[in-house]
Amino acid sequence: MELTGKNVFISGSSRGIGASMAVAFAKKGANVALNARKIVPSELLDELKQTGVQVEVILGDISQPADVKRMVKEAKAKFGQIDILVNNAGITDDKLLIGMKEADFTNVIDVNLMGTFRMTQAFLKQMYKKRQGVIINVASVVGLYGNVGQANYAASKAGIIGLTKTTAKEGALRNIRCNAIAPGMIASDMTAILSDKVKDQVKEQILLKRFGTPDEVAHAAIFLAENDYLTGQVLTVDGGLAF
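Residues numbered from 1 in each chain as written. Predicted model: local features only at pLDDT ≥ 70, side-chain atom pairs only at ≥ 80, totals over all residues. Heavy atoms only, no water.

- The name recorded for the chain in an unreviewed UniProt entry is 3-oxoacyl-[acyl-carrier-protein] reductase, from Ligilactobacillus animalis.
- The UniProt entry for the chain carries the following text under Catalytic activity (unreviewed entry): "a (3R)-hydroxyacyl-[ACP] + NADP(+) = a 3-oxoacyl-[ACP] + NADPH + H(+)".
- Per UniProt, the comment on the chain under Function (unreviewed entry) is "Catalyzes the NADPH-dependent reduction of beta-ketoacyl-ACP substrates to beta-hydroxyacyl-ACP products, the first reductive step in the elongation cycle of fatty acid biosynthesis." (UniProt positions renumbered as here; feature names shortened; annotations may be inferred.)

## Here's the deal with the packing of helix H1 (residues 16-27) against helix H2 (residues 42-49)
Then, number 1: The interhelical angle for the contact between H1 and H2, taken along N-to-C directions, is 15 degrees, at an axis separation of 9 Å. The pairing of H1 with H2 is recorded here as roughly parallel in orientation. Seen along the crossing, H1 lies across H2 with a hand that is right-handed. Contact residues: H1 offers Ala19, Ala22, Val23 and Ala26, while H2 offers Leu44, Glu47 and Leu48.
Then, number 2: Residues belonging to the contact of H1 with H2 are distributed by class as follows: six nonpolar, no polar and one charged. (Axes fitted to C-alpha atoms, helices over the stretch in contact; angles between N-to-C directions. Helix = DSSP H or I, 4+ residues; strand = E, 2+ residues; numbered from the N terminus. Parallel < 35°, antiparallel > 145°, perpendicular 65-115°, else oblique. Left-handed = near helix turned anticlockwise from the far one by under 90°. Contact = heavy atoms within 4.5 Å. Nonpolar A, V, L, I, M, F, W, Y, C, P; charged D, E, K, R; others polar.)

## Regarding the pattern of salt bridges
Then, number 1: In the structure shown here, the tally under the stated rule is eleven salt bridges.
Then, number 2: A salt bridge links Glu56 to Lys78, with the shortest nitrogen-to-oxygen separation between them at 3.8 Å. Note that Glu56 is positioned in strand S3 (residues 55-57) and Lys78 in helix H3 (residues 65-79), a separation of 22 residues in sequence.
Then, number 3: The partly exposed category is assigned to Lys78, whose relative accessible area is 31%. (Salt bridge = Lys/Arg side-chain N within 4 Å of Asp/Glu carboxyl O. Buried < 20%, exposed > 50% of the residue type's maximum accessible area, 1.4 Å probe, protein only.)

## Thoughts on the nonpolar core
Then, number 1: One finds Met21, Phe25, Leu34, Ile84, Ile136 and Ile181 to be the most contacted residues of the largest nonpolar core, which totals 38 residues.
Then, number 2: Elements with a minimum of two residues in this core: strand S1 (7-10), H1, strand S2 (31-34), H2, strand S4 (84-87), strand S5 (133-138) and helix H9 (214-226).
Then, number 3: Tallying contributions element by element places H1 first for this core, with eight residues.
Then, number 4: Each residue touching Met21, except ones within four places of it in the same chain, is listed here: Ile10, Val86, Val138, Ile181, Val217, Ala218 and Ala221.
Then, number 5: Listed in part, the 21 residues of the second largest apolar core include Val68, Met71, Met119 and Ala168. (Core = buried A, V, L, I, M, F, W, Y, C linked by side-chain atoms within 4.5 Å.)

## A few points about helix H6 (residues 151-171)
Then, number 1: Over its 21 residues, H6 extends 29 Å from the first C-alpha to the last, a length consistent with the 30 Å expected when each residue adds 1.5 Å.
Then, number 2: Within the sequence span of H6, burial applies to Asn152, Tyr153, Ala154, Ser156, Lys157, Ile160, Ile161, Thr164, Thr167, Ala168 and Gly171. (Expected span 1.5 Å × (residues − 1).)

## Observations regarding the environment of Gly232
Then, number 1: The residue Gly232 is located in the loop between H9 and strand S7 (234-237) in this model.
Then, number 2: Note: C-alpha distance between Gly232 and Val53 (179 residues apart in sequence) is 29 Å.
Then, number 3: Not counting chain neighbours up to four residues away, the residues in contact with Gly232 comprise Lys165, Ala168, Cys178 and Asn179.

## Structural notes on the pairing of S2
Then, number 1: Burial along S2 is two-sided: the residues Asn31 and Ala33 and Val32 and Leu34 are all buried.
Then, number 2: Sheet topology note: the S1/S2 ladder contains four bridges and is parallel. Opposite Asn7, over in S2, you have Asn31 as the bridge partner.
Then, number 3: The β-α-β motif built from S1, the intervening H1 and the parallel element S2 has right-handed crossover chirality.
Then, number 4: As paired strands, S2 and S3 are joined by three bridges and run parallel to one another. By the bridge assignment for S3, Leu34 is matched with Val57.
Then, number 5: Assessed by its sense of winding, the connection that carries the chain from S2 through H2 to S3 is right-handed. (Pairing = 2+ DSSP bridges. Right-handed = clockwise from strand over helix to strand, strands pointing away.)

In structure tokens:
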């Protein structure tokens, strides 16, 4: 897919991986709908507007069905058609399984998995009518291999991978592609809270001996959007962590 002039909606794009994806798509000439629950930094807006593409902020919470419905309508009003949907928004709430409350589990599932389902279903209906579209879901290597203290997060990301593959099979009937990115340890707010000791221990498990960057995940999203013969795939961006 040629990205110039295309319209992309990126959930959870006020910072981190989502913000890097927004910049990457804008530099390719795509118009961008930024999404956050409350606010998008003015610095990010300024950077995007310098690329000359159309940039719109559409606030809303993907865990709230009413918000999703409103965001889809707002995106259609501002862009006419969303060509690329990137489901990036997600949360963590880490605890050992033995001490995890049901609410701890369901809250993460509701945002990460159900939120991705809600957004996919809503935008897929529009894409079906146009008989074209691209959906990129942000999963995690944790969804492939599990991780201590992340039963809720791992389950949500594993669910996203299953959703991705099914969406790809159903979407192919209307020339709609769906792929997932499974990042490993990426330098972000989530990893910044780790102690230096823990960071060093994790780096020893990564073949490339470092954390990835949000920009490197964003490059993967561009690759999946542009390649018209890729669908149903899970692209791991982990420096060899899960090799």
